[in-house]
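# Working through the structure, step by step
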Amino acid sequence: MAAPVEHRIRRHRWWPSRRSFRELDARRNEGRGKCALLLIAAAFLLPQLTGAAPIKEVRRVLIFNVYSPLSSPGVAAMDQAIVAGLEKAPYQIELYHEELESALFPDEASQRDFQEWFIRRYSDRKPDVIIAVGPAPLKFLVESHEKAFPNIPIIFCGSTEEMLDELRLDSHFTGVWGTATPDKTLEVALRLQPSTRHVVVVGGVGVYDRKLESITNTSLQKYESKLDFTYLTNLDMPTLLDRLQHLPSNTIVYHTSIMQDAAGSRFIDASQSVPLVASAANAPVFVVDDVDIGKGTVGGNVLSFAAQGQAAATMVVRALNGEKPQDIPIEKSANIYMFDWRAMRRWGFKESNLPPGSVILNRQPTVWETYWRYIAGGISLIVVEALLILGLLWQRARRRRVENELAVSNDRLRLAVEAGGSVAWDWDLKSGQGRRVGDLQTIFGIPADSYSGQIEDFRGNIHPADRAMVSRAVEDARQSRKPYAAEFRVVRPDGSVRWITARGNFHHADHSDDVRMLGMAVDITERKMVEEALTSLSGRLIEAQEVERRRIAREIHDDYNQRLGMLAFDLEDLAENIGHPDAETCQRLHKLWNLVCELGADLHVLSHRLHPSTLENLGLVAGAKAFCEEFTDQQEIQIDFTNNGVPTGISEDASLCLFRILQEGLRNVKKHSGADRAEVRLEVAGDKIHLSISDRGRGFDCKVRSSQSGIGIQSMEERLRLLGGNLQIHARPMEGTRIEAWLPLTISQQAS
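Here's a quick rundown of the structure.

What counts, and where the lines are drawn
Residues numbered from 1 in each chain as written. Predicted model: local features only at pLDDT ≥ 70, side-chain atom pairs only at ≥ 80, totals over all residues. Heavy atoms only, no water. Helix = DSSP H or I, 4+ residues; strand = E, 2+ residues; numbered from the N terminus. Polar contact = N/O pair within 3.5 Å; in protein donor to acceptor, adjacent residues only side chain to side chain. Contact = heavy atoms within 4.5 Å. Salt bridge = Lys/Arg side-chain N within 4 Å of Asp/Glu carboxyl O. Buried < 20%, exposed > 50% of the residue type's maximum accessible area, 1.4 Å probe, protein only. Phe/Tyr/Trp six-rings, centres within 6.5 Å; stacked < 30°, edge-to-face > 60°. Expected span 1.5 Å × (residues − 1). Arc of directions from axis to C-beta.

### A short note on the side chain of Asp 261
Assignment of secondary structure puts Asp 261 in the loop between strand E9 (251-255) and helix H8 (269-280). Polar side-chain contacts of Asp 261 include one of 2.9 Å to the backbone nitrogen of Met 237. There is a polar contact of 2.8 Å between the side chain of Asp 261 and the backbone nitrogen of Ser 265. Sequence-distant contacts of Asp 261, that is, excluding residues within four places in its chain, are made with Val 205, Leu 235, Asp 236, Met 237 and Phe 267.

If you want it as structure tokens, here you go:
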């Protein structure tokens, strides 16, 4: 019986800092001791529980994937084949998965962080065999295996020999090379469509896309004197699809790979790019690999990712059995002729023109081939019955035609509304009668697809807290003769609440009176739930950030500052008790003492910036004023602070929110404005507290702020939104900038 395969798949969606890496390593070392005790206990108990059953040796296999199997059908096919092949190994396999995600994180810094993390992660858990799936993992292992994974066999697949560039494999590597054969695919394409005069090569701008384009260009050079070649490989996806819709006749399309277009948008090639290209092109599309077939493409002489995975798994088993990589020859995966029957039928291609042994997918018998006896009998009966009732139908044809057209029109409207989870309404404002059609069950809890009644019945469904708002919105739209729009809650008969967004228009008679209102309501309950969840998550993140800032500030102040103070005292004591030092020694000691004092002062400033003790001890006004004075001294920008009627005891959340906005605003003055003076005003306006930060510097155009604003402004807006406030930014080029924050005035319970 094949040994079971134990999956230990670890995928990381976030990347910690270097300090977090050290914390993770510390936790892992702490947990390793506990695991060792459990393993010792299991070693004594397992023979008693299993009797005479043999215990298979454990072997670790690490798979480095270029992309996640969830985002790459090709990688998924190879992974599945590898896992199936490892089941034949006479060992218990511990299978580890890691992804470099070079499509989502193509920059060198991110890839270097990935690689350093992997090296650290497996520094004391060495695998017995490593599988490199794709070109990026292979290059990573070629460059780092001698240091990070010495003497470990490395099996590769999912890459072509050309993609390795100038790197060379040593004796620790073996595997399966994929072979892209665009020339063979073009040969069979010309057999299927002999009138071909134009070949359009489609590709993207990603690293993998460019490599595959280069291979294709080299392979097809021998046809350039016979055919007209066009390379559409440097376009954004909408432009590419538009070009594909207007190709000349006698054209074929060869799709390489589009994992990133010229606009920077990223795609899953097999499941996103290929269907888009195949559906847009007005010519047959041929592809490179097997996972691209079945999505509207014809096929070709394609790479088989599953075959590469099977061959790689066989080599892994051989390596686990003790064979050295240099004794396992590198293979080249054999391509196969594979075609989609549906695409061939669409373009009128004949199976007789395909190479012998071609694999044809999705072959379907015609309806006539399957049911010709029933069809023939049914047609005969239909003809006889049609002749018998022809006279009756002739008499009622015109009336029925009109009725059918009206019914079809109503059904289309009803189906469209129901499919969208919507409700359409039509209210006669004079009679007060209205009709609702659509998904009434979901939104209003009415078990029907249409309902007629008074307008008051509809108003009764509106949540009591929202009725006044809805009435005002309707009346405003009626008075201004503009479309009506509102978001509000409705209460169903069972007491459950749904959110809807409603839009409508008033229709007027010749004498300009409102006679009818037509509109549509769409259920947005799920969207509201997501928005509430995001708001809650954002609040928790900001709260966690403040807690961490407070902890770091306390640690700097209570630990590092104290230690630096002791060091300064020791240096001063050393200078006094050293005897009769020369002038140079005294000067150096004095310089060291000054450096330690400056470092202590800098740490104090950093601690205060992370968590201002003045704000916590003396309140918002004192904390803001102290920060403005400190900013003036440090940055040489005069800050004029004024306070108008702000009471003591502002709640901690509101004080911290406004203080962080003050910090970020003044940092922006220093960074962007170029001004040497700024004004900060803190005041109470009605039931709100108002913070204003203004300067007369460079300013900017508010109309284009959305494309330039960074995370600082977004953080301000999010902090205020969580507390029910809002942010306004007024700026004009060369006329300065004014930031205004409004927040509900809340007094803490301790102050009250």
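Now that the structure has been shown, the text picks up again.
### Considerations on the pattern of salt bridges
Applying the stated criterion to the full structure yields 17 salt bridges. Across the pair Asp 640 and Arg 677 runs a salt bridge, and its minimum N-O distance is 2.8 Å. Within this pair, whereas Asp 640 is found in strand E21 (residues 638-644), its partner Arg 677 is found in strand E22 (residues 677-685), the two being separated by 37 residues in sequence. Since its relative accessible area comes to 24%, Asp 640 is described here as partly exposed. On the basis of relative accessible area, Arg 677 is assigned to the partly exposed category, the value being 46%. Close ionic contact of Arg 681 with Glu 683 constitutes a salt bridge, the shortest N to O distance being 3.0 Å. Judged by relative accessible area, which is 15%, Glu 683 ranks as buried.

### Describing the packing of aromatic side chains
Each aromatic ring pair is specified by the distance between its two centres and by the angle formed by the two planes. For the structure on display, the rule yields eight aromatic pairs. Between the aromatic rings of Phe 627 and Phe 631, the centroid separation amounts to 6.1 Å while the plane-to-plane angle is 45°, which identifies the pairing as tilted. Of this pair, Phe 627 and Phe 631 both sit in helix H18 (residues 620-635), separated by four residues, roughly a single helical turn. You'll find Phe 627 and Phe 631 in the same group, each marked buried.

### Things to note about helix H14 (residues 467-480)
End to end, H14 covers 20 Å across 14 residues, agreeing with the expected 20 Å (1.5 Å per residue, within 8%). Burial in H14 covers these residues: Val 470, Ala 473 and Ala 477. Down the axis of H14, the buried side of the element spans an arc of 60°, and every buried residue falls inside it. H14 presents Arg 472, Asp 476 and Gln 479 as exposed residues on the side facing more than 90 degrees away from its buried surface. Directly beyond the C-terminal end of H14, a positive phi value near 55° is found at Arg 481.

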